[in-house]
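A structural walkthrough
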Amino acid sequence: MTLASLQELRRIAEAVGHMRERVVQDVSIRSDCRQLRITLEDGQTLLVSVLLDEAGKPRLDADLVRSAEESQPGQLEVRFDGDE
């Protein structure tokens, strides 16, 4: 395991750790099984994705997306409509 992959794993663990004691409202997975979306009751969304690196090897990625109400003033927010 490289230092970069260890840092990615820690970041993913931190994102998943934010779900403790939270209520899950919805869970969906893309039809190609490359992304899991977990929507929490407070509006936050945890996205767990499989991405390909430059060598074509899969790697796991996770992002905790806050709801619009929690965004910082002046922060750009982009919404995507439709299924991915």
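See the structure printed just above.
These lines cover the structure that appears in this document, whether it is placed above or below.

What counts as what
- Residues numbered from 1 in each chain as written.
- Predicted model: local features only at pLDDT ≥ 70, side-chain atom pairs only at ≥ 80, totals over all residues.
- Heavy atoms only, no water.
- Helix = DSSP H or I, 4+ residues; strand = E, 2+ residues; numbered from the N terminus.
- Contact = heavy atoms within 4.5 Å.
- Pairing = 2+ DSSP bridges.
- Salt bridge = Lys/Arg side-chain N within 4 Å of Asp/Glu carboxyl O.
- Buried < 20%, exposed > 50% of the residue type's maximum accessible area, 1.4 Å probe, protein only.

**Regarding the environment of histidine 18**
Here histidine 18 lies in the loop between α1 (3-17) and β1 (24-29). Along the chain, histidine 18 and leucine 64 lie 46 residues apart, while their C-alpha atoms are 8.2 Å from each other.

**Quick notes on the side chain of threonine 39**
Here threonine 39 shows up in strand β2 (residues 35-40). Not counting residues up to four positions away in its chain, the partners in contact with threonine 39 are Val24, Gln25, Asp26, Gln44 and Thr45.

**Regarding the pairing of β2**
Two strands pair when backbone bridges link them, and β1 and β2 are joined in this way by five bridges, in the antiparallel orientation. By the bridge assignment for β2, valine 24 is matched with leucine 40. Between β1 and β2, which pair antiparallel one after the other, the connecting turn spans five residues, and cysteine 33 there sits at a positive phi close to 60°. Relative to strand β3 (residues 45-52), β2 runs antiparallel, the two sharing five bridges.

**With respect to the pattern of salt bridges**
As enumerated under the stated definition, the model contains five salt bridges in all. A salt bridge links aspartate 61 to arginine 11; the nearest nitrogen and oxygen atoms lie 2.3 Å apart. Residue aspartate 61 is found in strand β4 (residues 58-65), and its partner arginine 11 is found in helix α1; the two are separated by 50 residues along the sequence. By relative accessible area, which is 11% here, aspartate 61 ends up buried. Note that aspartate 32 is salt-bridged to arginine 34, the shortest N-O span being 3.2 Å. Connected through salt bridges with shared partners, the residues Arg11, Asp61 and Asp63 form a single ionic network.

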